[in-house]
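Examining the three-dimensional arrangement
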Amino acid sequence: PALFEAQVRRTPDAVAVQHGDAAATYAELNGRANRLAATLRSHGADVGSHVVIVLERSIELVVAQLAVMKCGAAYVPLEPEYSVERLQYLIEDSGAALVISTRQGVRAGDVCDRILVDVGEAASDEQTALSSDDGPRSRAIDGDAPAYVMYTSGSTGQPKGVIVPHRAIVRL
């Protein structure tokens, strides 16, 4: 996140991410991620915690990933197409207390009893959206700290979480 924020300072108006016809500059992406990070922190996302993300590939997915890392937490990306049973297992296994999705994408009561943060609602929350403080909000993060947890099929047939540290993704 600190390297991303350095890029924001260098090229705030350059396009950072594009998906289909939609695009966001570095400054826009950073502002959206900061607002979502503030919402996540208000629900307890912090260093050492895991936050599940259940979103289609989109700009919102990138916002969510960056926001989680700005909290010092690790994100756990899960496919929206997974069955309710698989999502329930993976959310429980990951130890995540928070799930980022959309109300249309995941019905919280059907999948888990975790706090559901709707990425659309968090981005459009009037109070946070109008906040003039979109400055850097990243926690200091050690290179060995978890950035994300990727689930594999596992050799036993049960999905297995593999922790990927920040130092492994810094080149991305």
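What you are looking at is a predicted structure, and each value in this text was computed from that prediction instead of being measured.

Things to note about the nonpolar core
Counting 33 residues, the largest nonpolar core has L36, L40, V51, I53, L55, V68 and I100 as its most contacted members. Elements with a minimum of two residues in this core: α1 (2-10), α2 (26-42), β3 (50-54), α3 (59-70), β5 (98-101) and β7 (146-152). Of the residues forming this core, the biggest block, 8 residues, is contributed by α3. Setting aside residues no more than four positions away along its own chain, L40 makes contact with A45, A67, V68, C71, L98, I100 and V117. Residues V54, L87, A96 and L116 belong to the second largest nonpolar core, which totals 12 residues.

Concerning the pairing of strand β1 (residues 15-19)
One ladder, built from 4 bridges, connects β1 with strand β2 (residues 22-25); its direction is antiparallel. Residue pairing for β2: V17 is matched across the bridge by A24. Connecting the antiparallel pair β1 and β2 is a turn made up of 2 residues, with G20 showing a positive phi of about 60°.

What to know about the side chain of S94
Mapped onto the fold, S94 is located in helix α4 (residues 84-94). What makes S94 buried here is its relative accessible area of 8%. In this view, S94 contacts H50, V52, V76 and Y151; residues no more than four positions away in its chain are not counted.

Re the packing of aromatic side chains
In total, this model carries 2 aromatic pairs according to the counting rule given. Note on Y75 and Y148: the rings are 5.3 Å apart at their centroids and 15° apart in plane angle, and the pair reads as stacked. Note that Y75 is positioned in strand β4 (residues 74-78) and Y148 in strand β7, a separation of 73 residues in sequence. Neither residue differs from the other here; Y75 and Y148 are each classed as buried. Over the ring of Y82 we find R86; its NZ or CZ atom is 4.7 Å from the centre of that ring.

Observations regarding the layout of surface pockets
Approximately 670 Å³ is the volume attributed to the largest pocket. Forming the boundary of the largest pocket are 19 residues, of which P1, M69, I169, V170 and L172 lie nearest the centre. For the lining of the largest pocket, the secondary structure elements donating two or more residues are α1, α3 and α8 (166-169). Looking at which element gives the most residues to the lining of the largest pocket, the answer is α3, with 4 residues. Looking at the lining of the largest pocket residue by residue, the class counts come to 15 nonpolar, 2 polar and 2 charged. Volume-wise, the second largest pocket comes out at about 320 Å³. Together, 16 residues line the second largest pocket, and R57, P77, L78, E79 and M150 are the ones closest to its centre. Listed by contribution, the elements that provide at least two residues to the lining of the second largest pocket are α3, β4 and β7. Tallied by class, residues from the lining of the second largest pocket come to 12 nonpolar, 1 polar and 3 charged.

What counts and what doesn't
In this convention, every chain numbers its residues from 1, walking through the sequence in written order. Note on the predicted model: pLDDT of at least 70 is required for a residue's local features to be given, and 80 or more for side-chain atom pairs to be given and counted; whole-chain, interface and lining totals, by contrast, use all residues. To get the side-chain values, take all heavy atoms of the structure and skip hydrogens and water. Residues grouped as a nonpolar core are buried Ala, Val, Leu, Ile, Met, Phe, Trp, Tyr and Cys residues, joined through side-chain atoms within 4.5 Å. Type-normalised accessible area, obtained with a 1.4 Å probe on protein chains alone, sets the label of each residue: buried when under 20%, exposed when over 50%, and partly exposed for intermediate values. For the purposes of this entry, the term helix denotes a DSSP run of H or I that reaches at least four residues, the term strand denotes a run of E that reaches at least two, and both are numbered from the N terminus. Here a residue-residue contact requires only that any non-hydrogen atoms of the pair lie within 4.5 Å. Here a strand pair is declared whenever DSSP counts at least two bridges between the two strands. Between 30 and 60 degrees the pair is tilted, below 30 it is stacked and above 60 it is edge-to-face, where a pair is any two Phe, Tyr or Trp rings, Trp via its six-membered ring, whose centres lie within 6.5 Å. Any Lys NZ or Arg CZ that is within 6 Å of a ring centre and within 35 degrees of that ring's normal is treated as a charge sitting over the ring. Buriedness for pockets is judged along seven lines, at least five of which must meet protein on both sides within 12 Å for an open set on the 1 Å grid over protein atoms alone, while cavities are sets there where a 1.4 Å probe fits but cannot get out, and lining residues have an atom within 4 Å of a point. Grid points are joined across faces, edges and corners, and a volume is the space filled by probe spheres set on the points. Polar here means any residue other than Ala, Val, Leu, Ile, Met, Phe, Trp, Tyr, Cys and Pro, which are nonpolar, and Asp, Glu, Lys and Arg, which are charged; Gly is therefore polar.

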